[in-house]
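Spelled out from the first residue to the last, the chains are:
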Number of protein chains: 2
Amino acid sequence: MNQEEIDIHFMRIALDEAKKAYEADEVPIGAVVTCGNRVIGRGHNLTETLNDITAHAEMQAITAAANTLGGKYLQDCTLYVTVEPCVMCAGAIGWSQIKRIVYGAFDQKRGYSVIVDKTPFHPRATVLSGVLGEECAMIMRDFFSRKR
Amino acid sequence: MNQEEIDIHFMRIALDEAKKAYEADEVPIGAVVTCGNRVIGRGHNLTETLNDITAHAEMQAITAAANTLGGKYLQDCTLYVTVEPCVMCAGAIGWSQIKRIVYGAFDQKRGYSVIVDKTPFHPRATVLSGVLGEECAMIMRDFFSRKR
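Residues numbered from 1 in each chain as written. Chains lettered and ligands numbered in written order. Predicted model: local features only at pLDDT ≥ 70, side-chain atom pairs only at ≥ 80, totals over all residues. Heavy atoms only, no water.

All right, on to the interface of chain B and chain A then. Opposite the 29 residues of chain B that make contact, chain A presents 29 residues. Between chain B and chain A, roughly 2700 Å² of surface is buried when both sides are summed, and carbon and sulfur atoms account for 64% of that area. If you sort the residues of chain B by the area they bury against chain A, B:Ile53, B:Lys72 and B:Trp95 come out on top, with a joint share of 29%. The interface formed by chain B and chain A holds 2 salt bridges in total. The closest approach of N and O atoms between B:Glu48 and A:Lys72, which form a salt bridge, is 2.8 Å. Between chain B and chain A we count 10 residue pairs in polar contact (both at pLDDT 80 or more) in total. Put simply, the parts of the chain that give the side of chain B that touches chain A at least two residues each are helix 2 (47–50), helix 3 (57–69), helix 4 (87–96) and helix 5 (112–115) of chain B. Of all the elements, helix 4 of chain B adds the most residues to the side of chain B that touches chain A, at 6 residues. (Contact = heavy atoms within 4.5 Å. Buried area = accessible area lost by both parts, 1.4 Å probe. Salt bridge = Lys/Arg side-chain N within 4 Å of Asp/Glu carboxyl O. Polar contact = N/O pair within 3.5 Å; in protein donor to acceptor, adjacent residues only side chain to side chain. Helix = DSSP H or I, 4+ residues; strand = E, 2+ residues; numbered from the N terminus.)

Following this line, the structure appears as structure tokens:
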């Protein structure tokens, strides 16, 4: 697989996580942390279930990945997340030292890039957006249209 | 007690939390969430102990407060924290809808106000800084000078 195929592969796994959130009536966002093309952490939004605004998909996946590695820094890892991270998650990604962030749909209201002036990511981190962007956006639209 | 005395009172409790972190060899930051002048959540930095970069004092205190209230929004609460929140914690404070943020020492490197363009806090949230600022800064300086 080339890098584009790898990114699509792992974004599909993040989308599977988003679907679990959808089925649990949670805002459908999913995330996966990989290291050496292996999944070492995954998660989906659990803010309602856990009654905890900090329980975003990325936070779960980062905490899970640190547990897997036995160390809290994730320098050699990639984070795949179906929607652009919010400011909280962008801050967590920065602290984790994750070097590559790949996301699907943009979040024009709550996404970090709308709010943050200097990026809180690691200085050498790279960001790729729009991977399976339409599918990632569609599950969100579907969720919120069902809510109205 | 007037508001200034109330703020100093609760910042002392946050400082007690910071001291617990110090004694556990954690970066000494403490936080308290109050509601109607009662402490409903408290926490100190546990990133080393939990091997988790998301385990900041504010995150613990917010999660604890939501548990106490049985609801995840903290609109009528005040957060006291010994050091200016980072971007991650500022984002969490925003999601929690906390309306009043009181902090002690500034963080000129990692504090949210250095990095964030638009504040991620609730639009009607107020911020008071410098409460017991010197004491809050001193425990941090002491910790890091001992580490060198």
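Continuing now.
All names here are of chain B. Here we have 5 strands laid out as an open sheet, ordered 2-1-3-4-5, and mixed in their pairing. Strand pairing shows two members of the sheet lacking a second neighbour, strand 2 (38–44) and strand 5 (126–129), which therefore form its edges. Across this sheet, the average inter-strand angle for adjacent strands is 15°, counted without regard to direction. Relative to strand 4 (residues 100–105), strand 3 (residues 77–83) runs parallel, the two sharing 5 bridges. Bridge assignment links Val-81 to a residue of strand 4, and that residue is Tyr-103. Along the sheet face, helix 1 (residues 3–23) touches strand 1 (30–35), strand 2, strand 3, strand 4 and strand 5 and points at about 55° away from the line of strand 3. (Pairing = 2+ DSSP bridges. Axes fitted to C-alpha atoms, helices over the stretch in contact; angles between N-to-C directions.)

What follows concerns the confidence of the model for chain A. Low-pLDDT stretches of the model should not have their predicted coordinates read in fine detail. The predicted model of chain A averages 96 in pLDDT, with 100% of residues at 70 or higher. Scored as a complex, the prediction yields pTM 0.95 and ipTM 0.93. (pLDDT = per-residue confidence, 0-100.)

Turning next to the pattern of salt bridges. According to the stated counting rule, one finds 17 salt bridges over all chains in the structure shown. Measuring nitrogen to oxygen at the nearest pair gives 3.7 Å for the salt bridge that ties B:Arg42 to B:Glu17. Taken as a pair, B:Arg42 in strand 2 and B:Glu17 in helix 1 lie far apart in primary sequence, 25 residues in all. Counted as one network, the salt bridges with shared partners bring together A:Glu17, A:Lys20 and A:Arg42.

Further remarks concern the packing of aromatic side chains. Under the criterion given, the structure shown has 10 aromatic pairs over all chains. Three or more aromatic residues joined by ring pairs make a cluster, and in this case those are A:Tyr22, A:Phe143 and A:Phe144. Above the ring of B:Trp95, the side-chain terminus of A:Arg110 is found at 4.1 Å from the ring centroid. (Phe/Tyr/Trp six-rings, centres within 6.5 Å; stacked < 30°, edge-to-face > 60°. Lys NZ or Arg CZ within 6 Å of the ring centre and 35° of its normal.)

Between the two copies, chain B and chain A, the superposition gives an RMSD of 0.0 Å; the rotation angle is 180° and the shift along the axis is 0.0 Å. Between the two chains, the operation in question is that of a two-fold axis. By C-alpha distance to the rotation axis, the residue of chain B lying nearest is B:Met88, at 1.9 Å. Looking at the interface residues of chain B, 100% of them are also at the interface in chain A, so both copies use one shared face. (Least-squares fit on C-alpha atoms with pLDDT ≥ 70 in both.)

Grouped burial of nonpolar side chains is what soluble globular proteins tend to show. A:Met88, B:Met11, B:Tyr80 and B:Met88 are the most contacted members of the largest nonpolar core, which totals 96 residues. Non-local contacts of B:Tyr80, meaning those with residues more than four positions away in its chain, are made with B:Gln3, B:Ile6, B:Asp7, B:Phe10, B:Met11, B:Ala14, B:Gly30, B:Ala31, B:Val32, B:Thr34, B:Arg100 and B:Val102. (Core = buried A, V, L, I, M, F, W, Y, C linked by side-chain atoms within 4.5 Å. Buried < 20%, exposed > 50% of the residue type's maximum accessible area, 1.4 Å probe, protein only.)

Residues and elements named next belong to chain A. Taken N-terminus to C-terminus, the directions of helix 2 (residues 57–69) and helix 3 (residues 87–96) make an angle of 20°; their axes are 9 Å apart at the nearest point. Taken together, the axis directions place helix 2 and helix 3 in an arrangement best described as roughly parallel. Two packed elements cross with a definite hand, and for helix 2 against helix 3 that hand is left-handed. Contact with helix 2, carried on its side by Glu-58, Met-59 and Ile-62, involves Met-88, Cys-89, Ala-92, Ile-93 and Ser-96 of helix 3 and no other residues of that element. (Parallel < 35°, antiparallel > 145°, perpendicular 65-115°, else oblique. Left-handed = near helix turned anticlockwise from the far one by under 90°.)

All names here are of chain A. Spatial ordering of the open sheet is given by 2-1-3-4-5, a layout of 5 strands whose pairing is mixed. Looking along the sheet, the strands with just one partner apiece sit at the ends: strand 2 (38–44) and strand 5 (126–129). The sheet shows a mean angle of 15° between the axes of neighbouring strands, direction not considered. Strands in contact with helix 2 are strand 1 (30–35), strand 2 and strand 3 (77–83); relative to strand 2, the strand with the most contacts, it is inclined by about 145°.

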